[in-house]
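Single-letter residue listing:
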Amino acid sequence: MEQDAARIVDVLGMLGRRDFLFVDLRTQEEYAQGHLRGAVNIPYDSLQEKKPLLSGWRRIYVYCDRGNASLLASRELIREGYPVVNLWGGFHNFEKELEARDKKFIDCVWEKN
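I will try to describe carefully the structure that is included in this document. These figures come from a predicted structure and were not determined experimentally. Chains are numbered independently. Their residues run from 1 in the order of the written sequence. Local features in a predicted model are, by the rule used here, given only for residues with pLDDT of at least 70; side-chain atom pairs are given and counted only at 80 or more, and totals for whole chains, interfaces and linings are based on all residues. With hydrogens and water stripped out, all remaining heavy atoms of the structure feed into the side-chain values.

On to helix α4 (residues 90–98), then. For an α-helix the count is 3.6 residues per turn, leaving residues at separations of three or four pointing the same way. Those residues of α4 that sit buried are G90, F91, N93, F94 and L98. Across the axial projection of α4, the buried residues extend over an arc of 160°, all falling on one side. Relative accessibility under 20% of the residue-type maximum defines a buried residue, over 50% an exposed one, and the middle range a partly exposed one, all with a 1.4 Å probe and only protein chains included. Starting at the N terminus, helices and strands are each numbered in turn, a helix being any DSSP run of H or I of at least four residues and a strand any DSSP run of E of at least two. This arc describes the spread of directions from the helix axis toward the C-beta atoms.

The structure is reproduced here in structure tokens:
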């Protein structure tokens, strides 16, 4: 794993904190099917125009479907000075890790629209 990357399960305790932002870079349709509770949806293709929303956060965690788009986005944002961490493996990896978890745990961190 690269330096500015983390596994989703390792940062779940940050969900809901006012100084941390979770950004789901998937499409609106994918986001509606399920996302980290409290994550905002900024599709990767819209990231450039939505950058002003990323100012002022202590840490920004980005994720996508499999980790490719979030890796590219995190590298770009880090170069521009944003405090970004890429969530390694994205939604696909997180979904696999959730399979071994208790249903109550899943309901605490995951929501569907």
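What follows picks up the thread again.
Backbone hydrogen bonds are what pair the strands of a sheet, in a parallel or an antiparallel way. Strand order in this open sheet of five strands is β1-β6-β5-β2-β4, and the pairing throughout is parallel. Two strands lie at the open edges of the sheet, namely β1 (5–7) and β4 (40–41), each paired on one side alone. Summarising the sheet, strand β2 (residues 20–24) and β4 pair through two bridges and their orientation is parallel. Bridging from a neighbouring strand, D24 pairs with N41 of β4. By definition in these notes, contact holds between two residues if any of their heavy atoms fall within 4.5 Å. Note on method: axes are straight lines fitted to C-alpha atoms, helices fitted across the in-contact stretch only, with angles between N-to-C directions ranging 0 to 180 degrees. Each of β5 (59–63) and β6 (84–88) touches helix α3 (residues 68–79); the most contacted strand, β6, lies at about 165° to it. Between any two strands, at least two bridges found by DSSP are needed for them to pair.

A separate point is the side chain of K51. Relative to the assigned elements, K51 resides in the loop between α2 (47–50) and β5. Contacts of K51, omitting those with residues within four sequence positions, involve E76, L77, E80 and Y82.

This next bit is on the pattern of salt bridges. Whenever Lys or Arg places a side-chain nitrogen within 4 Å of a carboxyl oxygen from Asp or Glu, that contact is recorded as a salt bridge. Going through the model one piece at a time under the given rule, you end up with six salt bridges. Linking E80 and K51 is a salt bridge whose minimum nitrogen-to-oxygen distance equals 2.6 Å. Of this pair, E80 sits in the loop between α3 and β6 while K51 sits in the loop between α2 and β5; the two residues are 29 residues apart in sequence, bridging distant segments of the chain. E80 gets classed as partly exposed once you look at its relative accessible area, which sits at 44%. What makes K51 buried here is its relative accessible area of 8%. Through salt bridges with shared partners, a single network forms among R17, D19 and R58.

Among buried residues, those of type Ala, Val, Leu, Ile, Met, Phe, Trp, Tyr and Cys that are joined through side-chain atoms within 4.5 Å constitute a nonpolar core. One finds I8, L12, F22, L36, Y61, L87 and F94 to be the most contacted residues of the largest nonpolar core, which totals 16 residues. Broken down by secondary-structure element, the contributors of at least two residues to this core are β2, β5, β6 and α4.

Time to look at the pairing of β5. The buried fraction of β5 amounts to four of the five residues, a majority that puts the element mostly inside the structure. Two strands pair when backbone bridges link them, and β2 and β5 are joined in this way by five bridges, in the parallel orientation. Following the sheet pairing, D24 is matched in β5 by Y63. Direction of pairing for β5 relative to β6: parallel, over a ladder of three bridges. Residue pairing across strands places Y61 opposite V85, the latter belonging to β6. For the handedness criterion, the strands are oriented away from the viewer, and a crossover whose path from the first strand over the helix to the second runs clockwise is classed as right-handed. Between β5 and its parallel partner β6, the chain crosses via α3, and the hand of that crossover is right-handed.

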